[in-house]
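# Structural features, examined
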Amino acid sequence: MWAFLITEVMFFGGFFAAYICYRHYYFDAFMAASNTLNIPLGAFNTTVLIVSSLTMAMAVHSAQLGKRKQLVTFLILTMILGATFLGVKAVEYADKFTHHHVPGPNFVFEGENTRGAQLFFSLYFGMTGLHATHMIVGIGIMIPILLAAMKGKYTPDYYTPVEMFGLYWHFVDIVWIFLFPLLYLLGGHLVGGGGHH
Amino acid sequence: MSKHEETHDHVVSTKVYYGVFAFLLVMTALTVAVAKVDLGIFNTLVALTIAVMKASAVVFFFMHVRWASKLARLFVAAGFFWLLLLFVLVMMDYYNRSHLGM
């Protein structure tokens, strides 16, 4: 499982490297573009993911102790929190479309930083999109695990799927821990920050 | 044989999980608060320091690396070291091109 996670680290690492590079070239544009992101929503989603990491850790804990009902409850809670995160993300994406902040022919950004801002939003959609895809896959994987847990398939001697999935879920949380400051908070100190247009 | 394979069954006290959880929440509030203050180039430094602390807490406690075997820990460390290598080399290249007039 760790071998897979390390390949995932490299997968996301490529995006982060591209971010490092273009942020250097278009620093002012990146700050201005970051300034339009909604910090309260981003912070809310960060909190949602942290709570879901706790419920996932508690799910593994319950599996270790053979507490079937607790395991099922914590798995369901984790799924609900993951879905909540994705719901907020959908609202944010819709907001980008109404403000013409989606890279492409209809991209509009006030000021002289259009080129760099477009790159920022490309990275924003690429990075948060890949992250959201991981969340969707994660919720999908949780369904058979939840069903097996309901049937009482996991015991203190055998709970490897729960444990391995927990590692995956925590990894996805860690990616967001870095995405949140790099994308949302970069321009937080500029006047009018936090998504107020 | 099966006994030896069960290296993963360290049961952690729930107190540890709740402690890490509280730490993560406090650090999130802190990073949002600090981001509103203009610290110049230090904004990113502070934000990344907090992010690394949060990520470490997740890796060591939620992901049980603190109680993992030495081999597993070496494996994880090697992965992150490789990532660091990627970032440092990218920065060494792109951040110094301006000196060459490129």
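### Some thoughts on the overall build of chain B
- Check the secondary structure of chain B and you find 4 helices and 0 strands.
- In chain B, the succession of helices and strands from N to C terminus is α-α-α-α.
- Partitioning the contacts of chain B with sequence separation of at least 6, the portion at a separation of at least 24 is 57%.
- When the accessible surface of chain B is split by element, carbon and sulfur atoms take 72% of a total near 6,700 Å².

### Quick look at the overall build of chain A
- Secondary structure assignment for chain A yields 6 helices and 0 strands.
- In chain A, the succession of α and β elements from N to C terminus is α-α-α-α-α-α.
- For chain A, buried positions account for 57% of its 197 residues.
- Partitioning the contacts of chain A with sequence separation of at least 6, the portion at a separation of at least 24 is 83%.
- Summed over all atoms, the accessible surface of chain A reaches about 7,800 Å², with 69% contributed by carbon and sulfur.
- Positive and negative side-chain charges in chain A, numbering 9 and 9 respectively, have mean positions lying 14 Å apart.

### Side note on the packing of helix α3 (residues 39–65) of chain A against helix α2 (residues 14–35) of chain B
- As a packed pair, α3(A) and α2(B) sit with axes 10 Å apart at the nearest point and diverge in direction by 170 degrees. By the angle between their axes, α3(A) is roughly antiparallel relative to α2(B). Of the residues in α2(B), those touching α3(A) at Ile39(A), Ala43(A), Thr46(A), Thr47(A), Ile50(A), Val51(A), Leu54(A), Ala57(A), Met58(A) and His61(A) are Thr14(B), Tyr17(B), Tyr18(B), Phe21(B), Leu24(B), Leu25(B), Thr28(B) and Val32(B).
- Taken together, the residues that form the contact of α3(A) with α2(B) break down as 13 nonpolar, 5 polar and no charged.

### Considerations on the interface of chain B and chain A
- Between chain B and chain A, the contact holds 46 residues from the first and 46 residues from the second.
- Summed over both partners, the interface of chain B with chain A buries about 4,100 Å², with 78% contributed by carbon and sulfur atoms.
- For the pair chain B and chain A, the interface holds 0 salt bridges.
- Seen at the junction of chain B and chain A, the total is 4 residue pairs in polar contact (both at pLDDT 80 or more).
- Secondary-structure elements contributing two or more residues to the side of chain B that touches chain A are α2, α3 (42–62) and α4 (70–94) of chain B.
- Considered class by class, the residues forming the side of chain B that touches chain A number 31 nonpolar, 9 polar and 6 charged.

### A short note on the nonpolar core
- Membership of the largest hydrophobic core comes to 90 residues, with the highest contact counts inside it found for Leu75(A), Tyr124(A), Leu183(A) and Met63(B).
- Tyr124(A) has contacts with Leu37(A), Lys89(A), Glu92(A), Tyr93(A), Lys96(A), Gly129(A), Leu183(A) and Tyr184(A), leaving out every residue within four places of it along the chain.

### A word on a nonpolar patch on the surface
Residues and elements named next belong to chain B.
- A contiguous nonpolar patch, built from Phe81, Trp82, Leu84, Leu85, Val88, Leu89 and Met92 and spanning about 710 Å² of accessible area, is present on the exposed surface.
- By the secondary structure assignment, Phe81 is in helix α4.
- For Phe81, a relative accessible area of 48% corresponds to the partly exposed category.

Procedures and definitions
- Residues numbered from 1 in each chain as written.
- Chains lettered and ligands numbered in written order.
- Predicted model: local features only at pLDDT ≥ 70, side-chain atom pairs only at ≥ 80, totals over all residues.
- Heavy atoms only, no water.
- Helix = DSSP H or I, 4+ residues; strand = E, 2+ residues; numbered from the N terminus.
- Contact = heavy atoms within 4.5 Å.
- Areas by Shrake-Rupley, 256 points an atom, 1.4 Å probe, with all protein chains shown as cover.
- Buried < 20%, exposed > 50% of the residue type's maximum accessible area, 1.4 Å probe, protein only.
- Lys, Arg positive; Asp, Glu negative; His and termini not counted.
- Charge placed at Lys NZ, Arg CZ, Asp CG, Glu CD.
- Axes fitted to C-alpha atoms, helices over the stretch in contact; angles between N-to-C directions.
- Parallel < 35°, antiparallel > 145°, perpendicular 65-115°, else oblique.
- Nonpolar A, V, L, I, M, F, W, Y, C, P; charged D, E, K, R; others polar.
- Buried area = accessible area lost by both parts, 1.4 Å probe.
- Salt bridge = Lys/Arg side-chain N within 4 Å of Asp/Glu carboxyl O.
- Polar contact = N/O pair within 3.5 Å; in protein donor to acceptor, adjacent residues only side chain to side chain.
- Core = buried A, V, L, I, M, F, W, Y, C linked by side-chain atoms within 4.5 Å.
- Patch = residues over 30% accessible without salt bridge, like charges linked within 9 Å, V, L, I, M, F, W, Y side chains within 5 Å.

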